[in-house]
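Residue-level structure breakdown
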Amino acid sequence: MTAANQPVPFLDLAGVNGALRGDFELAYAEVLEHGRFINGPEVARFETEFADYCQAAACVGVGNGTDALELILAGLGIGPGDEVIVPANTFIATAEAVCYVGARPRFVDVLPDTLLLDPDAADAAVNKNTAAIIGVHLFGQMVDTERLLRVTAKHGLAFIEDAAQAHGARFAGQRAGGVGVAAGFSFYPGKNLGALGDGGAVVTQDAELADKIRRLADHGRSADSRFHHDLRGRNSRLDSVQAGALSLKLRGLDQGNKGRVRAWEQYLAELPEQVRPVTRHAKAEAVYHLAVVEVDNREKVCAGLTEAGIGWGLHYPVPCHLDAAYGDYRAESLPVAERAAERILSLPMSPTLSERQVARVCEVLRSVTE
Ligand SMILES: *Cc1c(COP(=O)(O)O)cnc(C)c1O
């Protein structure tokens, strides 16, 4: 095999984490030394750093991104009898969190250009039971927060951000995490800011809500007593080892996101015309968690990529409202999400993706689409 046609991984996680190996080992040794595996000093330090990064007032480390969303809903008192609007095109966890607090997800369609929540569809779906809208910043691009905030303000609803794929993204200059009532982040290893295992965070401008969520995530403990519980809580905490690793990775987040933007811009310049990239809103500064394109003949394109040793993914081939477990919430058809689900394809994307690798992916795409 010549250098020009080496395999291209979908995500080069070993490359991303390998560079920090020595630092991770030192951070781990420190935790072993002090022994505070839960609630160690690493957690508070990372929470402060990440709140600052998101231009928000507070950050609460939790077990994962799904828990972050669930705890936000619970913290806002959303539960049985309430409806929460979510886009049909998202990772299933968005809907899962709504169901876990006992509320009903109300699936709405997405915009054909960005494949993000359609604010007009959200507006039209509001009824007397609606409590919140979860805007999902999918693929690394924030939803149109200006239009969505007009909808939530008009109806007096909470705007919750699912920012699991958007660490560092901006819309109209504002960072993901600082715009809504609260935002849920995931630090799943493959995310733009990924831990060495599971992790998540709630980020918010509301210090009181942050405090309530912190207690909910720690068994509902009273502020002044370990043995009394004034809330019915649960256990969902970010541990010290993960927080230590996340502080180290946060330092490289902007640089990694720049690498993703560079790779995406090269895709835009070199993709054949039959491969149509998802559009970016003029006010959005996206961080390209995923490089999503639409193609007419996905099966053939995927087979060609596999044959050439090029990684790919599907995000997401089953719209949430058509997924078996959510059949109870199937509403009218949502044509944009349904059509996109059959056509979208995620190309290789990593902070470390090289010019040569993007060129190779585009070359293979040209040969399979002509
Ligand atoms: C990853 C992800 C989640 C869930 O995060 P976990 O940490 O895996 O629980 C939620 N929403 C979206 C859009 C995601 O991509």
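Quick look at the site of the ligand now. The environment of the ligand is made up of 13 residues, and the closest members are G65, T66, Q165, S186 and K191. Take Q165: an N or O atom from its side chain is 2.8 Å from an oxygen atom of the ligand. At 2.6 Å from an oxygen atom of the ligand is found a side-chain nitrogen or oxygen belonging to S186. Starting from 380 Å² of accessible surface for the ligand in isolation, the protein chains cover 93%. Of all the cavities here, the one that holds the ligand is the largest pocket. Listing elements by their share of the shell around the ligand, those giving two or more residues are α4 (65-75) and α5 (93-100). Residues belonging to the shell around the ligand are distributed by class as follows: four nonpolar, seven polar and two charged.

What the largest pocket holds in volume is close to 490 Å³. Contributing to the lining of the largest pocket are 29 residues, with F91, Q165, Y188, K191 and Y316 lying nearest its centre. Broken down by secondary-structure element, the contributors of at least two residues to the lining of the largest pocket are α4 and α5. For the lining of the largest pocket, the residue count by class is 13 nonpolar, 12 polar and four charged. Looking at which domains feed residues into the lining of the largest pocket, each of domain 1 (16-250) and domain 2 (253-369) supplies at least three. In this structure, the second largest pocket encloses a volume near 400 Å³.

Once that is clear, we can look at the environment of D82. Inspection of the secondary structure assignment puts D82 in the loop between α4 and β2 (83-87). Considered as a pair, D82 and G102 are 20 residues apart in the sequence and their alpha carbons are 8.1 Å apart.

A few words on the domain arrangement of the protein chain. Each domain of the protein chain was delimited in the assignment, giving domain 1 (16-250) and domain 2 (253-369). The C-alpha-based centres of domain 1 and domain 2 are spaced at 24 Å. The partner domain 2 presents 35 residues to the 43 residues of domain 1 that form the contact. Overall, the association of domain 1 and domain 2 removes approximately 3400 Å² of surface from exposure, summing both partners, and the carbon and sulfur fraction of that is 61%. Looking only at domain 1, the three residues that lose the most surface to domain 2 are F107, F139 and N192, adding up to 20% of its buried area. Where domain 1 packs against domain 2, one counts three salt bridges. A salt bridge links K283 to E146; its shortest N-O distance comes to 2.6 Å. Between domain 1 and domain 2 we count 20 residue pairs in polar contact (both at pLDDT 80 or more) in total. Those elements giving two or more residues to the side of domain 1 that touches domain 2 turn out to be α5, β3 (104-108), β6 (170-171) and α9 (240-250). Element by element, the count of residues in the side of domain 1 that touches domain 2 is highest for β3, at five residues.

In helix packing, the relevant descriptors are the interaxial angle and the interaxial distance, both defined with respect to the helix axes. In contact at an axis separation of 8 Å, helix α3 (residues 41-53) and α9 are set at 35° when each is read in the N-to-C sense. The chirality of how α3 crosses α9 is left-handed. In this structure, α3 uses E42, V43, R45, F46, E49, F50 and Y53 to contact α9, whose residues at the interface are S240, A243, G244, L246, S247 and L250. For the contact of α3 with α9, the residue count by class is seven nonpolar, three polar and three charged.

Looking now at the pattern of salt bridges. Applying the stated criterion across every chain yields a total of 18 salt bridges. D123 is the partner of K154 in a salt bridge, and the nearest nitrogen-oxygen pair spans 2.9 Å. With K154 in helix α7 (residues 145-155) and D123 in helix α6 (residues 119-125), the pair connects residues that are 31 residues apart, well separated along the chain. Overall, the relative accessible area of 57% leaves K154 in the exposed class. The partner of E294 in a salt bridge is R343, and the shortest N-O contact between them spans 3.0 Å.

On to the pairing of strand β8 (residues 182-186), then. A large share of β8 lies buried, amounting to five of its five residues. Of the two faces of β8, both are covered, the one formed by A182, G184 and S186 as well as the one formed by A183 and F185. Judged from the three bridges that link them, strand β5 (residues 158-162) and β8 form a sheet pairing that is parallel. Opposite D162, over in β8, you have G184 as the bridge partner.

As a further point, take the packing of aromatic side chains. Here the structure, examined in full by the defined rule, presents eight aromatic pairs. Measuring from centroid to centroid gives 6.2 Å for F50 and Y53, while their planes differ by 10°, and the two rings are stacked. In this pair, F50 and Y53 both sit in helix α3, three residues apart, roughly one turn of the helix. With respect to class, F50 is no different from Y53; both count as buried. Between the aromatic rings of W264 and Y288, the centroid separation amounts to 4.9 Å while the plane-to-plane angle is 15°, which identifies the pairing as stacked.

Let's shift gears to helix α12 (residues 335-343). What α12 keeps buried is the set A337, A340, A341 and R343. In this structure, the buried residues of α12 make contact with β12 (276-277), β14 (291-294), α11 (298-307) and β15 (344-347).

With that settled, consider the nonpolar core. F46, F50, V84, F107 and F187 are the most contacted members of the largest nonpolar core, which totals 88 residues. Of the domains in this structure, domain 1 (16-250) and domain 2 (253-369) are the two that each give at least three residues to this core. One finds V293, V295, L345 and V364 within the second-largest nonpolar core, a separate group that totals 26 residues.

Definitions and cut-offs
Residues numbered from 1 in each chain as written. Predicted model: local features only at pLDDT ≥ 70, side-chain atom pairs only at ≥ 80, totals over all residues. Heavy atoms only, no water. Near = heavy atom within 4 Å. Polar contact = N/O pair within 3.5 Å; in protein donor to acceptor, adjacent residues only side chain to side chain. Areas by Shrake-Rupley, 256 points an atom, 1.4 Å probe, with all protein chains shown as cover. 1 Å grid on protein atoms, 1.4 Å probe; cavity = no way out; pocket = protein on both sides within 12 Å on 5 of 7 lines; lining within 4 Å. Sits in = over half its atoms within 2 Å of the grid points. Helix = DSSP H or I, 4+ residues; strand = E, 2+ residues; numbered from the N terminus. Nonpolar A, V, L, I, M, F, W, Y, C, P; charged D, E, K, R; others polar. Points joined across faces, edges and corners; volume = space filled by probe spheres on them. Domains from an automatic or database assignment. Contact = heavy atoms within 4.5 Å. Buried area = accessible area lost by both parts, 1.4 Å probe. Salt bridge = Lys/Arg side-chain N within 4 Å of Asp/Glu carboxyl O. Axes fitted to C-alpha atoms, helices over the stretch in contact; angles between N-to-C directions. Left-handed = near helix turned anticlockwise from the far one by under 90°. Buried < 20%, exposed > 50% of the residue type's maximum accessible area, 1.4 Å probe, protein only. Pairing = 2+ DSSP bridges. Phe/Tyr/Trp six-rings, centres within 6.5 Å; stacked < 30°, edge-to-face > 60°. Core = buried A, V, L, I, M, F, W, Y, C linked by side-chain atoms within 4.5 Å.

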